[in-house]
2 protein chains.
Amino acid sequence: MLADAAAELFLEQGYTKTTVDHIAARAGVSRATFFNYFAAKSDVMWLDLDAAVADLPQHLATSTESSAVRAVEDALLAAARAHDPDRVPWAIAQAEVMDVGAELVASVATRVTAQHQAVASFVAGRTGEHPGSLWPQTVAGSMLGAAAAAFGVWVTDGVGRRPLVEYVGAALTPVVAGLDAR
Amino acid sequence: MLADAAAELFLEQGYTKTTVDHIAARAGVSRATFFNYFAAKSDVMWLDLDAAVADLPQHLATSTESSAVRAVEDALLAAARAHDPDRVPWAIAQAEVMDVGAELVASVATRVTAQHQAVASFVAGRTGEHPGSLWPQTVAGSMLGAAAAAFGVWVTDGVGRRPLVEYVGAALTPVVAGLDAR
């Protein structure tokens, strides 16, 4: 209900002009109630990304792929497929997406790298290394960095965008090839 | 002076237990003065990283390397070499570094990805694409993700750490190989 109110307002008046007070008023709740559910305005915008990314550890845990790098690729592609394609609350005007470009990159990067330790731990478990050592950290950093970048491009591509999984797949392919050849 | 006071306190009582008020008091200034120079406590910790990373656009602009991916690699290695090796304010106890692990990753990632648009614009300039298109964004996301991860490993390796450029180089090598073969 808060998410729907926010999505309506983002569409009507743009993301930057919409305040938490506007969202709360539209949903008929208090500002305090808003903050019971979300820590910040941007959290409402990324509900579906957060949900898709949250499944990553489970995808990894159930992987039967022998290459750890390929297993991470599979898990990221599964997460991209799981993102509801009809819930793109950023049906925001293209111009405004450009406006919030820097915030967008930082915001997506933060959400995707929330899974950094999960990916590093998974890779370390396969190689018998400490999760904090260079190889697991490199795999996590480069692959999540590529996936986050692909997500950002998908968002900014507007209403004519192709499925998210195509963007994530195209971004991961060269990175995975390099990591897997090591 | 604020940086020195902060470094002393981080060493004496750890990063998490040190407050902005402690740092200001040790430096003999007010809390307001602290915030004239730094937006947050963590900014004091990353002074040298911020300085090293700030030179990235200039390294890119003066590159004579024909491969855009290799040019970005060179620029990141130059930034790693530029980071003062004797200014590791995180001569924090190893245990505490583990403690602030998640914050560390997020904090380093934010600082390194501050250069995301600069790297993407440079790559796009070489290929004639829009900086927001998938290839420039992928190069920036994966290479900065790998470099940020390497920086985090370097920090957590403690007093026996090897030069930063070795970590960044080892992390970038497989990623660059994959991207450059595309």
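Bear in mind the structure is a predicted one, so any value in this text is a computation, not a measurement.

## With respect to helix α7 (residues 68–82) of chain B
All names here are of chain B.
So, point 1. For α7, with 15 residues, the first-to-last C-alpha span of 21 Å sits near the 21 Å given by 1.5 Å per residue.
So, point 2. The element α7 is largely enclosed, with a buried count of 11 among its 15 residues.
So, point 3. Those residues of α7 lying buried are Ala68, Val69, Ala71, Val72, Glu73, Ala75, Leu76, Leu77, Ala78, Ala79 and Ala80.

## Structural notes on the packing of aromatic side chains
So, point 1. In this structure the tally under the stated criterion is six aromatic pairs over all chains.
So, point 2. An angle of 40° between the planes, with centres 5.5 Å apart, marks the rings of Phe34 of chain B and Phe38 of chain B as tilted. Side by side, Phe34 of chain B and Phe38 of chain B carry an identical accessibility label, which is buried.
So, point 3. In this structure, Arg162 of chain A is placed above the aromatic ring of Tyr167 of chain A, and the distance from its NZ or CZ to the ring centre is 4.6 Å.

## A look at the relation of the copies chain B and chain A
So, point 1. Superposing chain B onto chain A requires a rotation of 180° together with a translation of 0.0 Å along the rotation axis, leaving an RMSD of 0.1 Å. As the rotation angle and translation indicate, the two copies are arranged about a two-fold axis.

## Some thoughts on the environment of Ala71 of chain A
Residue and element names in this part refer to chain A.
So, point 1. By secondary structure assignment, the location of Ala71 is in helix α7 (residues 68–82).
So, point 2. What makes Ala71 buried here is its relative accessible area of 1%.
So, point 3. C-alpha separation for the pair Ala71 and His59, spaced 12 residues apart in sequence, amounts to 8.6 Å.
So, point 4. Beyond its immediate sequence surroundings of up to four residues, Ala71 is in contact with Leu60, Ser63, Glu65, Phe122 and Arg126.

## Examining the pattern of salt bridges
Where charged atoms from two side chains of opposite charge approach closely, those side chains can pair.
So, point 1. Taken as a whole and judged by the stated rule, the model has 12 salt bridges over all chains.
So, point 2. A salt bridge links Arg70 of chain B to Asp180 of chain B; the nearest nitrogen and oxygen atoms lie 3.0 Å apart. One end of the pair, Arg70 of chain B, is in helix α7; the other, Asp180 of chain B, is in helix α12 (residues 164–180), with 110 residues separating them in the sequence.
So, point 3. The exposure class of Arg70 of chain B is partly exposed, given its relative accessible area of 30%.
So, point 4. In this structure, a network of salt bridges that share partners links the residues Glu8, Glu12 and Arg26 of chain A.

About the criteria used
- Residues numbered from 1 in each chain as written.
- Chains lettered and ligands numbered in written order.
- Predicted model: local features only at pLDDT ≥ 70, side-chain atom pairs only at ≥ 80, totals over all residues.
- Heavy atoms only, no water.
- Helix = DSSP H or I, 4+ residues; strand = E, 2+ residues; numbered from the N terminus.
- Expected span 1.5 Å × (residues − 1).
- Buried < 20%, exposed > 50% of the residue type's maximum accessible area, 1.4 Å probe, protein only.
- Phe/Tyr/Trp six-rings, centres within 6.5 Å; stacked < 30°, edge-to-face > 60°.
- Lys NZ or Arg CZ within 6 Å of the ring centre and 35° of its normal.
- Least-squares fit on C-alpha atoms with pLDDT ≥ 70 in both.
- Contact = heavy atoms within 4.5 Å.
- Salt bridge = Lys/Arg side-chain N within 4 Å of Asp/Glu carboxyl O.

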